[in-house]
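Letter by letter, the chains look like this.
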Amino acid sequence: MVRRRVCTGGGRCRWYYGRPDARLGPGIGTYRGFRSAAGVPQERLVVPSGRVSLLIGFGGELRVRGAGGHTSLVSGLHNRARVLGHDGDVHGVELALAPWAAHRFLGGTPLAELADVLADPVDVLGDRARRLGEALADAPGWAERFALLDETLLRWAAGADGAAGPAPAVLKAWRLLERSAGTLQIREVAAATGIGLRHLERRFRQQIGLGPKRLARILRLNRAIRLLTAGGRPADTAARCGYYDQAHLSLEFKAMTGMPPGRFLADRGTSSSWIAG
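Residues numbered from 1 in each chain as written. Predicted model: local features only at pLDDT ≥ 70, side-chain atom pairs only at ≥ 80, totals over all residues. Heavy atoms only, no water.

This part is about the sheet that holds strand 4 (residues 42-46). Taken in spatial order, the 4 strands line up as 4-9-6-7 in an open sheet, and their pairing is antiparallel. Unpaired on one side and paired on the other, strand 4 and strand 7 (68-70) mark the two borders of the sheet. The mean inter-strand angle of the sheet, taken between neighbouring strand axes irrespective of direction, is 30°. The sheet contact formed by strand 4 and strand 9 (residues 82-86) spans 5 bridges and is antiparallel. Paired with Leu45 across the strands is Val83, a residue of strand 9. (Pairing = 2+ DSSP bridges. Helix = DSSP H or I, 4+ residues; strand = E, 2+ residues; numbered from the N terminus. Axes fitted to C-alpha atoms, helices over the stretch in contact; angles between N-to-C directions.)

Written out as structure tokens, the structure reads:
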């Protein structure tokens, strides 16, 4: 089943959502198709999400401020927001993958190699990324595109059966941090996994892409954004998300998004969002 949302502020844009095949397992988010025909240049701030993003474009070119233009992108975990834009017409689909799931679907690529990196999918996946983009572009509609993604990802995952995934301790640490939205102390996480702190940090960076402390910052920021967007008071949000105080929350917002919370929320509220993220 395909769900659709329409955005009319600042231009014409549409989103299309599909649920991945249950056989793909956990760790893969809803498929998000997008089409913007705004006719004028658009930009959007994309905040760190703690997910690996695979974006396959089949119309128009994406611009990443400071990194040039791309038709398609693989984005590893990162701690700083990025500004994506286009010239007025862009068309494609995005998949958000937990790092441990991305390892299966991206051919066993070491996640440490994707940290803080924007790459062309062909450089990561080879010619099969190009073939997938062409097939998605040729599909008659979004139901067919999402079915094609199911088929392709199931095939890729089967081909990666021999690739070593994250160690059990690393996967447990990831789940503990995600469940606590980054508020659990890293020493407590290490103790719960049964391995030493330095050993956990080293293996986490290798197999997830970022160290556990950097991931915790991302998870806290995402929770704070959700609470503030829902109308939460900054002081209360800071306390609930594990910040020392409201000033600490503001410093983290500036460090990770480039702006304080108030401006971030104002810009988010007036932005003509042309891509999920």
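With that settled, consider the confidence of the model for the protein chain. Of all residues in the protein chain, 91% attain a pLDDT of 70 or more, and the chain-wide mean is 87. In the predicted structure, residues 270-277 sits below a pLDDT of 50 and forms 32 contacts with residues beyond four places in sequence or in another chain. (pLDDT = per-residue confidence, 0-100. Contact = heavy atoms within 4.5 Å.)

Viewed as axis vectors pointing N to C, helix 5 (residues 168-179) and helix 6 (residues 186-193) meet at an angle of 135°, and their least axial separation amounts to 9 Å. Classified by the angle between their axes, helix 5 and helix 6 sit oblique to one another. Crossing hand, helix 5 versus helix 6: right-handed. Side by side, helix 5 and helix 6 meet where Ala169, Lys172, Ala173, Leu176 and Leu177 of the first sit next to Ile186, Val189, Ala192 and Thr193 of the second. (Parallel < 35°, antiparallel > 145°, perpendicular 65-115°, else oblique. Left-handed = near helix turned anticlockwise from the far one by under 90°.)

Next up on the list: the pattern of salt bridges. Opposite charge on two side chains allows them to pair when their charged atoms are near. The final tally for this structure, using the stated rule, is 12 salt bridges. In this structure, the salt-bridge partner of Glu252 is Arg217, at a minimum N-O distance of 2.8 Å. Of this pair, Glu252 sits in helix 10 (residues 246-257) while Arg217 sits in helix 8 (residues 212-229); the two residues are 35 residues apart in sequence, bridging distant segments of the chain. According to the relative accessible area criterion, Glu252 is buried, its value standing at 11%. For Arg217, a relative accessible area of 25% translates into the label partly exposed. Where Asp236 meets Arg233, a salt bridge forms, and the shortest distance between an N and an O atom there is 3.7 Å. Among the charged side chains, a network of salt bridges with common partners joins Asp127, Arg130, Arg131 and Glu134. (Salt bridge = Lys/Arg side-chain N within 4 Å of Asp/Glu carboxyl O. Buried < 20%, exposed > 50% of the residue type's maximum accessible area, 1.4 Å probe, protein only.)

Judged by how many residues are buried, strand 9 sits mostly within the fold: 5 of 5 residues are covered. Taking every second residue as pointing to the same face, both faces of strand 9 are buried, with Arg82, Leu84 and His86 on one and Val83 and Gly85 on the other.

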